[in-house]
Every structure is written in C-alpha cells, then in structure tokens.
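Here are the chains, one letter per residue:
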Amino acid sequence: DGADVVMLSGETAIGQWPVEAVRMMNRVATHTNEVLRGQSATASTPRENETQAAALARGVTSMSRGLDAKLVVLWAEFDDAVVHLSQSRLDIPIVAFCGRPDLLRRVQLLHGVKPVLMSEPADPEEFLKKTDALVRTEGWANEGDTIVYVYSVRLEKSNLSNLVYLHQVGSL
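Residues numbered from 1 in each chain as written. Predicted model: local features only at pLDDT ≥ 70, side-chain atom pairs only at ≥ 80, totals over all residues. Heavy atoms only, no water.

Here the focus is helix α6 (residues 124-137). Helix length check: α6 (14 residues) gives 20 Å between terminal C-alpha atoms against 20 Å at 1.5 Å per residue, within 8%. For α6, the complete set of buried residues consists of Phe127, Leu128, Thr131, Asp132 and Val135. Here the buried residues of α6 occupy an arc of 130° about the axis, which is enough to place them on one side. The opening residue of α6 is Asp123, an N-cap whose side-chain oxygen sits 3.1 Å from the backbone nitrogen of Glu125. Following α6 by one or two positions, Gly139 adopts a phi angle in the positive range, close to 80°. (Helix = DSSP H or I, 4+ residues; strand = E, 2+ residues; numbered from the N terminus. Expected span 1.5 Å × (residues − 1). Buried < 20%, exposed > 50% of the residue type's maximum accessible area, 1.4 Å probe, protein only. Arc of directions from axis to C-beta. Polar contact = N/O pair within 3.5 Å; in protein donor to acceptor, adjacent residues only side chain to side chain.)

Right under this line is the structure:
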C-alpha cells in the first residue's frame, strides 16, 4: 500500500516469539521491497491528471537510473516532491535539504530519504556550492560522481518552480 515504515507492537513487546516475529516481518518487508523495486522500474508512463510533483519525481527517477547517479539532492520547501521521489523506490539516497524542521520531521521516515536542516540558500547556485562540498565531506558522494539536483521553490503564491540539474561532484 506504499507504506514506508512497518511497526510491530504486541508480539514483539510481550509475546512469546519476539525474535521470530521480527524475522518474519523482515522477510515480508524484504520481499515486498524487491517486488516494488521491479514495479517502479517499469512505472515510467505518465498518469492522467498527474501532479507537477509526481511528474517531477518520475523524470528525476528516470534520469537517476539512466545516468547511474550516486544520489538525489533536493531543496524542498514542501514535502510533495520528497514523497513522490520516495515512492519511486530509488536504490540511491534522496538527501532532502530544508529550512523547516517540521517538514524534515514529516519526511524522515520516508523510504530512502535523508533529511538535512539547512538555512534557505539565496539561489540555486548557492545551494549547489554548499551541497557539493557537503556531499563529499559526509562521504555521500565522491569527486566525479553524478548527482541529480532538484531545487523546488515557490516563485509566487500560485506558481511552483522546479529546477533539475545534473551535476558532477567537484566540478565547480
């Protein structure tokens, strides 16, 4: 059903077979992830009435897989794009930068998402410079690795702008 997190309570907390319950849930989750990964690789067809965030995620997923990207780096003012990217079940991390702790708390349990608190950059170029250095420092990517950058900001009250940038780490 698209769940990103599974929680066991009764059997693991007070039952007679807590270890076995966790092992079984792990087997089910592992198998489910394998099935979902196979489905998401073929799910590149646009949907009727697709939202901008869903279309963006579909495009970023296709680029990431086609270019064998090391990770997706995202500036997110809203959680729509992060949620849709998570649902694509990429095999690479999605590093979601945001200046809003409440948004980062909401996305921290999404599949493949690493939320990072950062003050809002002045523009996409500043974001690229800051994060290019950070991904190397944190060991998330090495010089020469391909990263798909997504910079989503609201330009006016009714318009959302999404910039997608393909970047080689260390090429600045």
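Bridge count between strand β2 (residues 94-98) and strand β3 (residues 113-117): five bridges; the pairing is parallel. Note on β3: the bridge partner recorded for Val95 is Lys114. Handedness of the crossover is the feature at issue here: the chain leaves β2, passes through helix α5 (residues 101-107), returns alongside β3, and the resulting connection is right-handed. (Pairing = 2+ DSSP bridges. Right-handed = clockwise from strand over helix to strand, strands pointing away.)

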